[in-house]
Each structure stands twice: as structure tokens, then as C-alpha cells.
Amino acid sequence: MRNVYLIFKREFGVLFSSPLAYVLFVLFLVISGIFFSAGFGTYVQYSTFIQMQSSMRQFGPAPQLPPFTDMVFGNFFRNTVVIFLFMLPLFTMRLFAEERRSGTEELLMTFPIRDIEIVVGKFMAALAAVMIMLGITLTYCLMTDYVTGPQSGFVDALLVLPKFIWFAIKVPFVWLFGDGNLATVLSGGEAGSGLFKSPHLDPGPIMSAYLGLLLTGAAFVALGVFASSITEHQIVAANIAFAILLIFWMIGWVEELTDISLIKTVVSSVSINTHLEPFMKGDPDFLNIAYFIGISCYFLFLTWVVLFWTRLGRGFISVGKKSKLNVLWLIAALGIIATINIRVIQGEWTAYSTVGTLLTLGALAAWFVLNIEWLASLVVSHGFLYTMMLGALAIFGLIVLCAGLFIVDGALDIAQRKSNSFQRHIDMTRIQKYSLAEQSKKILESLNEPVTFVYIEDPNRPMELQQAQEIFELYERGRSDMVKLDYVDAEKNPIRVQDFGSTVACGDVYVESGSGENFKRQKVEQLEENDITNGILKVVNLTSPKIYVTTGHGEPNIEESQKTDGLGIFSDQLKKEVYDIESLNLFAITEIPKDAAAVLIVDPKTPFTEDELGLFTQYMDRGGNLLVFLEPQMDPSMDSFLKFLDTYGVEADNDLIVDPSLQNRLMGTYARLSTNNFGTHEITEGLERMSGLFDFARSLRLKDELPNEATGTELVKSMAESSAWGETDLDAVARNESIGFDAGIDNEGPLTVAVVLSWEPEAAGAEIGSTTDENTGIELNEQTPASRLVVFGDSDMIKNANFTYNRNLLLNTMAWMAQRQELVSIRPRTEFGQPIMVTDMESRVIWALGVMDLPVLVMLIGIAVLVRRRVRG
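Residues numbered from 1 in each chain as written. Predicted model: local features only at pLDDT ≥ 70, side-chain atom pairs only at ≥ 80, totals over all residues. Heavy atoms only, no water.

1. Quick notes on the packing of helix 10 (residues 203-229) against helix 13 (residues 272-281)
Turning to step 1, where the next piece is worked out: The geometry of helix 10 relative to helix 13 is characterised by a closest axis approach of 6 Å and an angle of 150° between their N-to-C directions. On the basis of their axis angle, the class for helix 10 and helix 13 is roughly antiparallel. Two secondary-structure elements touch here, helix 10 through Pro205, Ser208, Ala209, Leu211, Gly212, Leu213, Leu215, Thr216 and Phe220 and helix 13 through Ile272, Leu276, Pro278, Phe279, Met280 and Lys281.
Turning to step 2, where the next piece is worked out: For the contact of helix 10 with helix 13, the class distribution of residues is 11 nonpolar, 3 polar and 1 charged. (Axes fitted to C-alpha atoms, helices over the stretch in contact; angles between N-to-C directions. Helix = DSSP H or I, 4+ residues; strand = E, 2+ residues; numbered from the N terminus. Parallel < 35°, antiparallel > 145°, perpendicular 65-115°, else oblique. Contact = heavy atoms within 4.5 Å. Nonpolar A, V, L, I, M, F, W, Y, C, P; charged D, E, K, R; others polar.)

Rendered as C-alpha cells:
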């Protein structure tokens, strides 16, 4: 190690004592600063546009703002790789080429230093320069954290750099020995414990991208070191390195130009982009890490071989004479180009293609015949054997590299199948965008027969195919032995497409299971995890919870999907979620059916009789689940039903929730409430970033002492910072008179819109249900003998007009009511950004620091070093 350090110190000193390093640093910082500052400015402008659109939403839905980290830093990191492609060969071009040109290579060989130590020392010196360049770009994170973070963000932003180093050391130990996932650790479980203070920065993808850039830089530097070792001309070394890197970069494009699966697999495995993109997204695979480490080791190995031959005094191929008629190579090249163009233009092999091929072969054969003497002298020339051995070792090393990556891939697959706690992909995103929800994982683990995902692909829409592949691969990772993927090309396989019926279209997704008489196929409505997982449940015959909706009291129709006041959209969604929904006429029964997972009462207009209320009481006493949606200004005859709710500890205030927000005034309403102030409960878990929408709602409250020793939670409340209140003068509201908050008369906010209660019933008939589905064997949540009551002060939220806004809240409520948490609605893995508003001065500061100050600072340091060196002589 001491010798490696000495070589490192020597090369690092030489590198930073020359003007080239500082010129490259300044150039890199100017280009990267422009990319970052332009991206930041574009996001700010887009934020302003989004806010203007949101304030005028009556003209249509406002577009969603992409996440800041993806749009700004994601693009910045991808552009940084392109800069590396051009710049790193210039860093490495002199490492061996200059030694060979100046004659110091022979002197270096006389030192008692092993060849591998020389190679590693030079490699580490160049890699250290790359690390310094990347470290300087952390300043962009510091600036962003200061501008978009809390008001005290300046002090916190200064801590970004040391915290980044601390987290870089901490993350591997957390991954190996910690209980939480990396995204939680980086974001911080409590205030002040995360990497960044700004909510706009997702630290996981940023740290993942820096790791990817570091590994990519290592591979590029190793290739540059090899290129420098085979020539004594620095420019030639830089061009060789750039040419090879360009091949690695562009080879992935071949995948889109061919339909041969073997070629697709090969070029995808070799391409740098394939292995780098997961780091940019925040979802790296251990195989991606192994790929870059393997590439680095491979080119360092080749460099060591070249150095070894040089130490032996063996040169490469060298002959005195030159070959004859080299124009024949030009003719052969033109023949190849002509053949390819004719094949592409005509679309098939023709006689002209044959002529082009014969011309090429003829030119090559003529060259070999006319240069037999030259070829013979080449074979016996000095260094030919050693050159062939170098080529053989290069091929051998490549075989070892490919075999090693193949073994690593297989070992990772086996480890993932054998251990539920091990995941080869490290999802570092804040919302776990590239991981399945626990419900999906649980269902996959319980499968006892294979399922197949079928996607009807359109070659003209590659982005949709990529989206399908990404989500399908999540399921394949979770259970590769039970999940099969099938992509059907609509143009090449029209007969297979017809098998899916006359309504099939490109982009359709199907889930299939079984064979013969047991074959089942379910169409998935949307390419989202929620729909795909529920598609699996349907084809494996999971027992469906039965939901009943009362009728006969003016309730909305559960089949009506065209009118705004119907429940058709809600009913259709429940059926997609593997529920059975049915109307319940209380006049025709003596007890609520025992198979009722839950009973819904939605906006009744006429009162329930004492016998009907008795049915509800009997149902709740045996462990039933009741979900109620009320409205303000109910008929006085409904007081008996409100008293029924009062016996369970729920009081419904006779008021109307009014919210005089700017958005409501622009939309011409005062009785619409948008809130994400959710209580802590299983129903609202994961809904923090979503809002519920309530029209004409009344406020509710829980009694201080709840009967039946029930546990109660205020599920939804108006925002604490809003000026909403509960208007009690409903007659003035009905007359459309001007209203305002009257202290002591109206109910002061924040107001409760929904409450939830649960208790253990006293009836002896309450039993613990089965924890295993009778048809599939899928393990379900334990069915405890608990009575559950949820009351919403608004019924419009479940009707067709507003169901979309409250989809997740309602479906989570249904899953909790039915005690089937495995059916809780899985939200799509989509994160939207938050608008960023900065002052003109802050914008100018970001531009000045990123584009001018940092490069100028590095340039001044370079000038100082060079002047000091010249003064010292």
C-alpha cells in the first residue's frame, strides 16, 4: 500500500501542478453550472405557471408539477455523464503516454515497485480528481437546501456537505444491520434528522446518482488508463478512450433497431446506459454496481498486462514494409455500406445486395492474395506473438468478466428467492416508487399457481411499453417462479391478439392464470399496481367481501353512473377491488345477512323505523360494521337516526361547514372543503400528501366518554390554518343571504368531518373469522370480533361527482371496515412536485454561484498554484 500511495501522491501532484487540470475543472463547472441553473430556473417558471392554472381550475384540471429532484437534479446528473464522456479521457491521456514519450517509463520500471501498484496508484490519482469534481457539485444541493428550505435554512444548508459525508459512511451499515429502509434513514424519521431540510429534495435518488456517477467515473478512468498505456501520444490516447466510451454509450441504441432477442439481451447487458439509469432513478441493483466494478477491474487488468510486456522489453507489432493496394480496403468498406443501404431501403435481400456482398468479399480476397509476403513478414515480426497473447488475455479477461457478472446475477436471484428480507434492488426513493406495497408482496408470496401478465404492445409507442415493463418487473422480482411476462406485438402476431376478443386494443393489460377449464383471464383497467394486484386476486378466485347498501329511504342508486348524484362509479370501483356490492331492503328481512362484511347508509331522506334501527343495533352487537354518510339540513324526522348514532358516541352538529378560501371564492362556492388533516389511523395511513374533498358537509364530534369502552378517532378535520367554520344559521343559507362567522353561535374550526369507532361487542355470537381464504389459501388478516362504525358528515364525497377526489380515503375505509387490510387501496407510485417561489435576488445568486463564482474560484486557485510553482523554479 505504501508504494501505491507514493505513486498516487506523485501523479496527483503532477496532475494539479499543470494547467490542464484547472482548465478541465473550470470547463466542467461552467457547463454543469449552466445545466443546473437553467434547470432550476425552468422549474421556478413552471411552478408559477402551475399556480396560475390552479387558481383558474374552473377552465379545466391544472397540470401536475413533476418532482423537483427528478426534473432538476435528474437531468443535471444525466448531463454530467455526457460531460464525463468527453472530459475524462483528457484527464487520463498523459498518465502513461507522457512517461513513454519523455523516457521516464524506463526509470519507473527500475524502482522496486510492482506493476499492479503503478497501475492502481495512477488510477486512484485520476479517480481522486473525479471525486473532487463531483464533490464541488454538492454545492448545488447546498444552494437548493438554502433557497427552498425553512427560514433557518442557511445554517442547515452549510451542514449539507459534512452530513452528506456522514450519511455516505452510515448508509452501508444501515443497509446491512438496520431495520428501516434507506429512504427513511436519508429523509429522517424526525425533524432535523434527515440529509436535507428542504422538502423538495429527495435525498435517496441524489445519493444514488452520486454513487452511480462515481462508479461510472471509475470505469471511464480505468479505460483511459489503459488507452494511455498503449501509446506514447497523449492525443491518440484520448481519442482511443473516447472512441471506446462512445461505443459503450451508443451500443444500447442497437436494441431499438433489432427484433432479435439475443442481440437485444447482449447490447442491453453491455450498454453503460442500461446499468447507469437505475442509479439516476434511485433504484440501483447490486448487478449494476458489480458491472461498473467489473469494467474497472477489466481495464486495469489489461493495463497491467501491457505494463508487464513493457517490463519484459517486448514491443507490439512492427514491420518495416507497408501493405500494398490498401485501396481494396476502401472498396470493401464501400461494398459493406452499399449492401446495408440496399437491404434497408428495399426491405428484403435482393440481387443488388448479393452484388454488394460479392464486391466486398472479392476486394478482401484480392488484398490477402496480393499481400501474402507482407502477411508472412508480419507473422514473424518482433512482438507479434506477444500482441496475440495480449489479445488472448483480453478475450480471456472478458470471458471471466461476463461469467462473473452472470454468476453474481444468479446468486442475487437465489438470495432474493430464499430470503424475504434481502432485496437485490435498493429502492432509495422517498415514496418507494420502485417497490411493491406490502399487500402486493403478501399476495405474491401466497400464490400456489403461476400467473401471467400479458401486454398488447404497439411498436410505435415505446414509452408505454417501457412503463409496462417497469411495473411488471416489480412483480417478477417479488416472485419470479410464479410470475411470467408476455409481451404480444400487435403487428407481428395479429392472430394471437384476436384471441383476446374484438375489443382488444394496443396498450391493454391482462392477467391470466390456470389452464384448460380452470383458465381465467382478467383485463386490467389501468397500468397501476392497485389494478394489477386486484387482477391477480380475481384470477385466483379470492373470496369477495359482501357489501350491502340500504335502499328504500331515498338513498342514491348504486347502479347510476351517469348522473352526478349516483353511486355507480363507487360501485364499479368496489367490484374491481374484489368486493361484491348489493342493495339491502330492510323491509324484507328480519336480520342483516350474516355474510355482510359492511353495511352502508348513504344520505337517507326518509326516517328509519324502530324495527329497522333495531336491525342495525342487532347487527352491531354481533360485531357488525356500519358506514354512514350524512348531509346537513336533514329532515327533522331523521332525528331518530341521529339519536341512534348518539347512542354510540357520535354527535352530529346541525350546521354547514363554510370555507371562504380564495379558491372557493374563485369557483363561486363557499361550502366546499379540501383538507388533508387526517387523524392517525389505519384508514389514513399513507394519505398525508393527498386531500379529501367535501361538498356541503356538517361537522361531527365524539363524546368525551364513549359507550361500550369504544376507541374513537377524529378521522378527518378541516385544516388548522384555514378560516373554515360551522354555520348554524341554516335558514340564512337556504335564503342565500350573506353569512359570516358569529363567535359563540357558530362552531369554530378546525371542524371534524369524519369519525371512526371500534369496540368489542358483548354478543356471544361474535367469533374470530378464518385467517385463510377458503378458495386460494391466501393468508388474510385476522377477523377479530370487533364492531366498527365510521361516520362522514358529507355524502357528496362518495357520489359520482366527487368520488375520484376521495378514492383512496373511501377504499381504505372499506378495506378497514371489511377487516380485509390486504385489499386496502394501493396508491399509484406517483409523486408530484411542490411549487417553488424564489425572489429575483435568489435566482441571480444561484446563477452567479453556479456559473461564475465556483469556476472563477477554481481558476484563481490554479493560477496561484502555477505562479507559486514558477516562483519556486
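2. Points about the packing of helix 3 (residues 68-92) against helix 11 (residues 234-250)
Turning to step 1, where the next piece is worked out: It is the contact of helix 3 with helix 11, at a shortest axis distance of 7 Å, that shows an interaxial angle of 155°. In terms of orientation, helix 3 and helix 11 fall into the roughly antiparallel class. At the point where helix 3 passes helix 11, the crossing takes the right-handed sense. Together, Val81, Val82, Leu85, Phe86, Pro89 and Leu90 of helix 3 and Ala238, Ala241, Phe242, Leu245, Leu246 and Trp249 of helix 11 make up the contact between the two elements.
Turning to step 2, where the next piece is worked out: Among the residues making up the contact of helix 3 with helix 11, the classes are represented as 12 nonpolar, no polar and no charged. (Left-handed = near helix turned anticlockwise from the far one by under 90°.)

3. Overview of the sheet that holds strand 1 (residues 451-457)
Turning to step 1, where the next piece is worked out: Strand order in the open sheet made by the 4 strands is 2-1-3-4, with mixed pairing throughout. Each of the sheet's edge strands pairs with one partner strand only, and the pair in question is strand 2 (483-489) and strand 4 (520-524). The sheet shows a mean angle of 25° between the axes of neighbouring strands, taken without regard to direction. (Pairing = 2+ DSSP bridges.)

4. Quick look at the packing of aromatic side chains
Turning to step 1, where the next piece is worked out: Considering all chains together, one arrives at 37 aromatic pairs under this definition.
Turning to step 2, where the next piece is worked out: Both rings, one in Tyr43 and one in Phe68, keep their centres 5.1 Å apart while their planes meet at 90°; by these two values the pair is edge-to-face. On the criterion of sequence distance, the pair formed by Tyr43 in helix 2 (residues 19-55) and Phe68 in helix 3 is long-range, its members being 25 residues apart. The pair formed by Tyr43 and Phe68 is uniform in burial state, with each residue classed as buried.
Turning to step 3, where the next piece is worked out: Ring geometry for Phe608 versus Phe641: centroids 5.1 Å apart, planes at 40°, classification tilted. Of this pair, Phe608 sits in the loop between strand 7 (596-602) and helix 24 (610-621) while Phe641 sits in helix 25 (residues 639-646), and the two are 33 residues apart along the sequence. You'll find Phe608 and Phe641 in the same group, each marked buried.
Turning to step 4, where the next piece is worked out: Ring-pair connections join several aromatic residues into one group, and the members of that group are Phe36, Phe40, Tyr43, Phe68, Phe73, Phe76, Phe77, Tyr140 and Tyr210. (Phe/Tyr/Trp six-rings, centres within 6.5 Å; stacked < 30°, edge-to-face > 60°. Buried < 20%, exposed > 50% of the residue type's maximum accessible area, 1.4 Å probe, protein only.)

5. Some points on the pairing of strand 5 (residues 546-551)
Turning to step 1, where the next piece is worked out: Where burial is concerned, most of strand 5 is hidden: 5 out of the 6 residues are buried.
Turning to step 2, where the next piece is worked out: Note that strand 5 and strand 6 (residues 580-585) share 6 bridges and pair parallel. Bridge assignment links Val549 to a residue of strand 6, and that residue is Ser583.
Turning to step 3, where the next piece is worked out: Handedness of the crossover joining strand 5 and strand 6 through helix 23 (residues 568-576) is recorded here as right-handed.
Turning to step 4, where the next piece is worked out: Inspection of the sheet shows strand 5 paired to strand 7 by 4 bridges, in the parallel sense. By the bridge assignment, Lys546 is partnered in strand 7 with Ala596. (Right-handed = clockwise from strand over helix to strand, strands pointing away.)

6. With respect to the environment of Ser583
Turning to step 1, where the next piece is worked out: Of note, Ser583 is situated in strand 6.
Turning to step 2, where the next piece is worked out: On the basis of relative accessible area, Ser583 is assigned to the partly exposed category, the value being 37%.
Turning to step 3, where the next piece is worked out: Separated by 24 residues in sequence, Ser583 and Glu559 place their C-alpha atoms 9.7 Å apart.
Turning to step 4, where the next piece is worked out: Aside from chain neighbours lying at most four places away, what touches Ser583 is Tyr548, Val549, Thr551 and Ile558.

7. Here's the deal with the sheet that holds strand 16 (residues 725-727)
Turning to step 1, where the next piece is worked out: If you trace the 3 strands from one edge of the open sheet to the other, you get 10-16-17, paired in antiparallel fashion. Two strands close off the open sheet at either side, each with one partner strand: strand 10 (656-658) and strand 17 (747-748).

8. Quick word on the pairing of strand 15 (residues 711-717)
Turning to step 1, where the next piece is worked out: In this structure, strand 12 (residues 677-678) lies alongside strand 15, joined through 2 bridges in antiparallel fashion. Within strand 15, the residue paired with Phe678 across the bridge is Val716.
Turning to step 2, where the next piece is worked out: One ladder, built from 6 bridges, connects strand 15 with strand 18 (residues 752-759); its direction is antiparallel. In the sheet register, Gly712 faces strand 18, and the bridge partner there is Leu757.

9. What to know about the pattern of salt bridges
Turning to step 1, where the next piece is worked out: Going through the model one piece at a time under the given rule, you end up with 21 salt bridges.
Turning to step 2, where the next piece is worked out: Residue Asp283 pairs with Arg477 through a salt bridge whose shortest N-O separation is 3.2 Å. Of this pair, Asp283 sits in the loop between helix 13 and helix 14 (286-311) while Arg477 sits in helix 20 (residues 462-478); the two residues are 194 residues apart in sequence, bridging distant segments of the chain.
Turning to step 3, where the next piece is worked out: Under the relative-accessibility criterion, Asp283 is labelled buried at 3%.
Turning to step 4, where the next piece is worked out: The class of Arg477 is partly exposed, set by a relative accessible area of 22%.
Turning to step 5, where the next piece is worked out: Asp595 serves as the salt-bridge partner of Lys546, at 3.5 Å between the closest nitrogen and oxygen. Within this pair, whereas Lys546 is found in strand 5, its partner Asp595 is found in the loop between strand 6 and strand 7, the two being separated by 49 residues in sequence.
Turning to step 6, where the next piece is worked out: The class for Asp595 is partly exposed, based on a relative accessible area of 40%. (Salt bridge = Lys/Arg side-chain N within 4 Å of Asp/Glu carboxyl O.)

10. Focus on the side chain of Glu117
Turning to step 1, where the next piece is worked out: Tracing the backbone through its elements, the reader meets Glu117 in helix 6 (residues 115-148).
Turning to step 2, where the next piece is worked out: In this structure Glu117 comes out as buried when scored by relative accessible area, which is 8%.
Turning to step 3, where the next piece is worked out: Within the structure, Glu117 has its side chain in polar contact with the side chain of Asn3 (distance 3.1 Å). (Polar contact = N/O pair within 3.5 Å; in protein donor to acceptor, adjacent residues only side chain to side chain.)

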